[in-house]
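Chain residues, written in single-letter form:
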Amino acid sequence: MPEEDFSTGLPSGPPPALLSRVDRAAVFLMLLGDEEATGLLSRLSPAELEKLGAAMMALGEIEQPHMAEALADFAGEAAREMLPMRGRGDRVRTLLDKALGPARADSMMQRIEPDAAPRSLELAKWLAPGVLVRLILDEHPQVIAALLLLIEPEPAAEVLAMLPLELQTLVVERVAKSGAISATAISTIDTLLTQRISATYGTAALMLGGPRDAANLINLAAGELRNTVLPAIAERDAPLAERIEEELFTFEMLFALDPMSMGRLLRDVDNEKLVDALKGLKEPDRAPFFAAMSSRAADGVRDEIELRGRLAKSEVAAAQKAIVEIARGLADAGEIVIGSGNGEFV
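I will try to describe carefully the structure that is included in this document. Note that this is a predicted model, so its numbers are computed, not measured.

**Considerations on the overall build of the protein**
Part 1 of the reasoning: Assigned secondary structure in the protein consists of 20 helices and two strands.
Part 2 of the reasoning: Within the protein, contacts between residues at least 6 apart in sequence are counted, and of these 68% link residues at least 24 apart.

Laid out in structure tokens, this is it:
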């Protein structure tokens, strides 16, 4: 049992070990409010975020001396007589976005920072290698080689390893022969990525993060990521894994079911749940459900929807979620197919 320091009333055992620099940064972030912490995190690179996030997850109980150590480290940094240049462009971009809006901010950044990396190339750094491969797989080897030289070495190596063998050879050969990449080539690659990302993720592609984006990556990546990644996430953060799981199967995906699959689904759906779920839809979105019913049954459901009183959004969402759960079970059993049938959900 540690001796007691009677001047303070606290144990006088050995002081806790000093934290690493990354650990001190992790503690400091956890002392901030959510808004301030997220503001700082948004300015980090993917590699920095991964390292800092791992440190935050690994820290156990944080004692008062460690909190003081983290704050002292921050105060020491703040006492410097200069602000580092690194990340300045991102900071200016954020301020201009808020002041001018995205379109005018883009134009202004091109004038004041002509050598800045295009936005889609920056976004490519955040895409999983498997997703990036799908975006560029049918491009010329020279284009792929140039892209690999423009992103970080580790994800570039992962992308290379996922390419077909014959394409790997052609890409490596062109990487070895490459010199300086012209501004025209960079612009061409950026345009290509913009088109591919927009086609895959829609115009909201630059709105990064969240369970839906994580679900999109799992949907697009090869292999059974749902059966490997989600259980691993659930061990650390069960609510987060559940939110990602919910996004993997959305109610809107059911609109694309063929009449036979929809009919199979509706056989297992309670009529009350169906009415509640369809109550929250516009008439065109109800059409796939009615198409799988007889005319008499469809008219009966329409009448019930009209007679049903006002429902809270939460009641509609709960009914839709219940139907999605039934659809998920039928899809897992192979009785219906949601999506293209090749493991990618659409």
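**What to know about the side chain of Arg308**
Part 1 of the reasoning: With respect to the secondary-structure elements, Arg308 resides in the loop between α19 (295-307) and α20 (313-332).
Part 2 of the reasoning: At 2.3 Å, the side chain of Arg308 and the side chain of Asp276 are in polar contact.
Part 3 of the reasoning: Leave out the neighbours within four places in its chain, and Arg308 touches Glu272, Val275, Asp276 and Lys279.

**Observations concerning the packing of helix α17 (residues 271-279) against α20**
Part 1 of the reasoning: One way to put it is that α17 packs onto α20 with a least axis distance of 8 Å and a crossing angle of 120°. Taken together, α17 and α20 sit at an angle that is classed as oblique. In terms of crossing hand, the pair formed by α17 and α20 is left-handed. Contacts between α17 and α20 involve Lys273, Leu274, Asp276 and Ala277 from the former and Val316, Ala319, Gln320, Ala322 and Ile323 from the latter.
Part 2 of the reasoning: Across the contact of α17 with α20, the residue classes tally to six nonpolar, one polar and two charged.

**Re empty space enclosed by the protein**
Gaps between atoms show up when a probe of the same size as a water molecule is rolled over them.
Part 1 of the reasoning: Counted according to the given criterion, the structure contains one cavity of 30 Å³ or more.
Part 2 of the reasoning: In this structure, the largest cavity occupies an estimated 30 Å³ of space.
Part 3 of the reasoning: Lining the largest cavity we find Ile136, Glu139, Val143, Ile144, Leu147, Ile189, Leu192 and Leu193.
Part 4 of the reasoning: Residue assignment for the lining of the largest cavity shows that the elements contributing at least two residues are α9 (141-150) and α12 (183-201).

**Brief notes about the nonpolar core**
Part 1 of the reasoning: Counting 34 residues, the largest nonpolar core has Leu254, Leu265, Leu274 and Phe289 as the members making the most contacts within it.
Part 2 of the reasoning: Every element with two or more residues in this core is listed here: α13 (211-220), α14 (225-236), α15 (238-248), α16 (259-267), α17, α18 (283-291), α19 and α20.
Part 3 of the reasoning: The element contributing the most residues to this core is α20, with five residues.
Part 4 of the reasoning: If we ignore the near neighbours within four places in the chain, the residues touching Phe289 are Phe251, Leu254, Phe255, Met262, Leu266, Leu274, Leu278 and Leu281.

**Examining the environment of Glu306**
Part 1 of the reasoning: Relative to the assigned elements, Glu306 resides in helix α19.
Part 2 of the reasoning: When its relative accessible area of 64% is taken as the criterion, Glu306 is described as exposed.
Part 3 of the reasoning: Distance in space between the C-alpha atoms of Glu306 and Lys279 is 8.3 Å, their sequence separation being 27 residues.

**Re the pattern of salt bridges**
Part 1 of the reasoning: This structure, assessed with the given rule, holds ten salt bridges.
Part 2 of the reasoning: Close ionic contact of Glu242 with Lys321 constitutes a salt bridge, the shortest N to O distance being 4.0 Å. Taken as a pair, Glu242 in helix α15 and Lys321 in helix α20 lie far apart in primary sequence, 79 residues in all.
Part 3 of the reasoning: Classification of Lys321 as partly exposed rests on a relative accessible area of 38%.
Part 4 of the reasoning: Two residues, Glu283 and Arg302, come together in a salt bridge whose shortest N-O distance is 3.6 Å. Within this pair, whereas Glu283 is found in helix α18, its partner Arg302 is found in helix α19, the two being separated by 19 residues in sequence.
Part 5 of the reasoning: Assessed through its relative accessible area of 32%, Arg302 is described here as partly exposed.
Part 6 of the reasoning: Each of Glu283, Arg286, Asp299 and Arg302 takes part in a single network of salt bridges with overlapping partners.

**Considerations on the packing of aromatic side chains**
Part 1 of the reasoning: On inspection of all chains with the given rule, the structure shows three aromatic pairs.
Part 2 of the reasoning: Here the aromatic rings of Phe251 and Phe255 are separated by 6.0 Å at their centres, their planes lie at 85°, and the arrangement is edge-to-face.
Part 3 of the reasoning: The partly exposed category is assigned to Phe255, whose relative accessible area is 22%.
Part 4 of the reasoning: For the pair Phe255 and Phe289, a centre-to-centre distance of 6.2 Å together with 80° between the ring planes defines the contact as edge-to-face. With a gap of 34 residues between them, Phe255 in the loop between α15 and α16 and Phe289 in helix α18 connect regions that are remote in the sequence.
Part 5 of the reasoning: For Phe289, a relative accessible area of 0% translates into the label buried.
Part 6 of the reasoning: Taken together, the ring pairs connect Phe251, Phe255 and Phe289 into an aromatic cluster.
Part 7 of the reasoning: Over the aromatic face of Phe290 sits the side chain of Arg302, whose NZ or CZ is 4.1 Å from the ring centroid.

Rules used throughout
Residues numbered from 1 in each chain as written. Predicted model: local features only at pLDDT ≥ 70, side-chain atom pairs only at ≥ 80, totals over all residues. Heavy atoms only, no water. Helix = DSSP H or I, 4+ residues; strand = E, 2+ residues; numbered from the N terminus. Contact = heavy atoms within 4.5 Å. Polar contact = N/O pair within 3.5 Å; in protein donor to acceptor, adjacent residues only side chain to side chain. Axes fitted to C-alpha atoms, helices over the stretch in contact; angles between N-to-C directions. Parallel < 35°, antiparallel > 145°, perpendicular 65-115°, else oblique. Left-handed = near helix turned anticlockwise from the far one by under 90°. Nonpolar A, V, L, I, M, F, W, Y, C, P; charged D, E, K, R; others polar. 1 Å grid on protein atoms, 1.4 Å probe; cavity = no way out; pocket = protein on both sides within 12 Å on 5 of 7 lines; lining within 4 Å. Points joined across faces, edges and corners; volume = space filled by probe spheres on them. Core = buried A, V, L, I, M, F, W, Y, C linked by side-chain atoms within 4.5 Å. Buried < 20%, exposed > 50% of the residue type's maximum accessible area, 1.4 Å probe, protein only. Salt bridge = Lys/Arg side-chain N within 4 Å of Asp/Glu carboxyl O. Phe/Tyr/Trp six-rings, centres within 6.5 Å; stacked < 30°, edge-to-face > 60°. Lys NZ or Arg CZ within 6 Å of the ring centre and 35° of its normal.

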